[in-house]
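The primary structure of each chain is shown beneath.
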Amino acid sequence: MLSALSIRDIVLIERLQIDFARGLTVLTGETGAGKSILLDALSLALGGRGDAGLVRSGAGQGQVTAVFEIAAQHPVRRLLADNDIDSRDDLIVRRIQTADGRTRAFVNDQAVSATLLREIGASLVEIHGQHDDRALVDEREHRRLLDAYGGLDVAGVGTAWTTWRKAVRERDATLARIDAARREADYLRASLQELDKLKPAPGEETELAADRHRMMQAEKIAGDLKDAFDTLDGSGSPIPTVAGLLRRLERKASTNPGLIDDVVKALGSAVDLLEEARTGLEAALRASEYDPRMLEKTEERLFALRAAARKHAIPVDQLAGLRARMAASLAELDQGEDRLSKLEAAAASSEVAYIAVAKSLSAERVMAARALEEAVHCELPALKLERARFIVETVSDPAEAGAEGIDHIEFHVQTNPGTRPGPMMKVASGGELSRFLLALKVSLADRGSAPTLIFDEIDTGVGGAVAEAIGVRLARLSQKVQVVSVTHAPQVAARAASHLLIAKDAVAGDGEGRVATRVVSLEDAERREEIARMLAGSVITDEARAAAARLMADT
């Protein structure tokens, strides 16, 4: 239920705090006192469209905060949990409207989108009025209301629908793959034959390229290595000559100490280095040996892989994966007919199951529709709609199947015998629509309704017995849900458990003559005086006070 509403700097309201009680609360006051402003403010807090014109003149921004007590099992708790919003205590929604047209929304002090705020607000409060776009006249809601009234479980239909659609998607996907494979079968078989012959392996291109580079480099250096080796190891090698010269000088060095010692040492080093170079060249020649036929085979393999990759417009390393996919496509084509027939059977079976469950739900909806019509009709005579009819139009069409069944539900009315029934919103006048809505909400009671219902002057244009009937039904409805009614009818006001007076007063000490809206909670004596004013007008007579007392006593 709505437990408190705080408004700051909205139109004529500077600062206002209103506490609400359970049961029926009425808001009364002179025309222009600000009753519509209160509803506009509440609508803003519930996610309604923002408007810079709502901000009080001279203020930079306005703010509306609504506090709700919500039951432990109310669906809004799941919605809050799904959006990671704490919901352990009371639910507090807050909306800030700036003078430049921007708005910000908060739920339990956590910033949220206006869309989420509207979804939360719709589950907490319904606002009804004459041809009011906030009223519950959206035909998309009619099926939900009928299901709620009949206590119908649509989960089975939803499950059957999900199963059917999944089977259809699997069947269609398999059929699409088979059709594609059929169109490409010849190409796939030829390409797969080529790839099977080629047998590409992941990483093979890198290895082949490295081997080819090594062998090509070896081919370039092998000739130079052989020439160098032949120079040091062949018949013209300087090593024997230098070695012989070294031996002769070594013999002479003993007879001439110190004369050629350095020369002998240098020649010995030269012989050693030349021998070392010859050995190194011999080893390099062995290392650079390669088979020219191997280079040719490597190049042929590498070029074949790259040609196949160009043909299929993919990197070489993806050829193996392409081969696997082609093989799978052909295998699916070969085996797909059997799988397709099984999937088609599953889709057909799940469709039959869905239609059976949906038709069963349709039959239950027809029965619930007749019961709801009867319940609403019982309310109409007292509301001076005894010649009118309320009709739950039910159209079942398997072609319109969905997760909620195959039924299109719309509330129709016939306002007078002989006239053509039609959609409630289009056929009923403003006053009739309000009374139809009231009869409908009373019939639904706490089934399919938000925990707080607000009726905006639904008694406009009626009086006497009709106003009394409206008051009785609002009071009865308030036994199930919280009801707030903006009213000009004393018969409705007399039925209230709580009475709030809305007035517009001049702002004290303001030389500019500004006014502000205030709200006062009335006790019994004050209530009697306000109801007497509603009965008599500007001049309250003793007779009016007595009539007000009788109205209050009759409740």
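Anyway, here's the lowdown on the structure attached to this text. Keep in mind it's a predicted model, so treat the numbers as computed, not measured.

## Some details on the overall build of the chain
Then step 1. Helix and strand counts for the chain stand at 17 helices and 15 strands.
Then step 2. Counting only residues that meet the buried cut, the chain has 45% of its 555 residues in that class.
Then step 3. Counting only contacts in the chain whose residues sit at least 6 apart along the sequence, the fraction spanning at least 24 positions is 69%.
Then step 4. By element, 51% of the accessible surface of the chain is carried by carbon and sulfur atoms, the whole surface being about 28800 Å².
Then step 5. Across the chain, the 72 positively charged side chains and the 86 negatively charged ones have centroids separated by 1 Å.

## Things to note about the environment of Leu438
Then step 1. Mapped onto the elements, Leu438 comes out in helix α13 (residues 430-444).
Then step 2. In this structure the C-alpha to C-alpha distance between Leu438 and Lys35, which are 403 residues apart in sequence, comes to 20 Å.
Then step 3. Setting aside residues no more than four positions away along its own chain, Leu438 makes contact with Leu383, Phe455, Ile458, Ile470, Arg473 and Leu474.

## Observations regarding unusual backbone geometry
Trans peptide bonds make up most of the peptide bonds, and negative phi angles are found at most residues other than glycine.
Then step 1. Positive phi is not limited to glycine here, since Asp9 has a value of about 60°.
Then step 2. If you trace the backbone, Asp9 turns up in strand β1 (residues 2-10).
Then step 3. One non-glycine residue with positive phi stands out, namely Asp109, at about 65°.
Then step 4. Position of Asp109 relative to the elements: it lies in the loop between β6 (103-107) and β7 (110-112).
Then step 5. Judged by relative accessible area, Asp109 falls into the exposed class, the value being 65%.

## Looking at helix α8 (residues 238-253)
Then step 1. Here α8 is 16 residues long and its end C-alpha atoms lie 22 Å apart, about the 22 Å a rise of 1.5 Å per residue gives.
Then step 2. Of the positions making up α8, those classed as buried are Ile239, Val242, Ala243, Gly244, Leu246 and Ala253.
Then step 3. In this structure Ser237 caps α8, since a side-chain oxygen of it lies 3.3 Å from the backbone nitrogen of Ile239.

Cut-offs used in this document
Residues numbered from 1 in each chain as written. Predicted model: local features only at pLDDT ≥ 70, side-chain atom pairs only at ≥ 80, totals over all residues. Heavy atoms only, no water. Helix = DSSP H or I, 4+ residues; strand = E, 2+ residues; numbered from the N terminus. Buried < 20%, exposed > 50% of the residue type's maximum accessible area, 1.4 Å probe, protein only. Contact = heavy atoms within 4.5 Å. Areas by Shrake-Rupley, 256 points an atom, 1.4 Å probe, with all protein chains shown as cover. Lys, Arg positive; Asp, Glu negative; His and termini not counted. Charge placed at Lys NZ, Arg CZ, Asp CG, Glu CD. Expected span 1.5 Å × (residues − 1). Polar contact = N/O pair within 3.5 Å; in protein donor to acceptor, adjacent residues only side chain to side chain.

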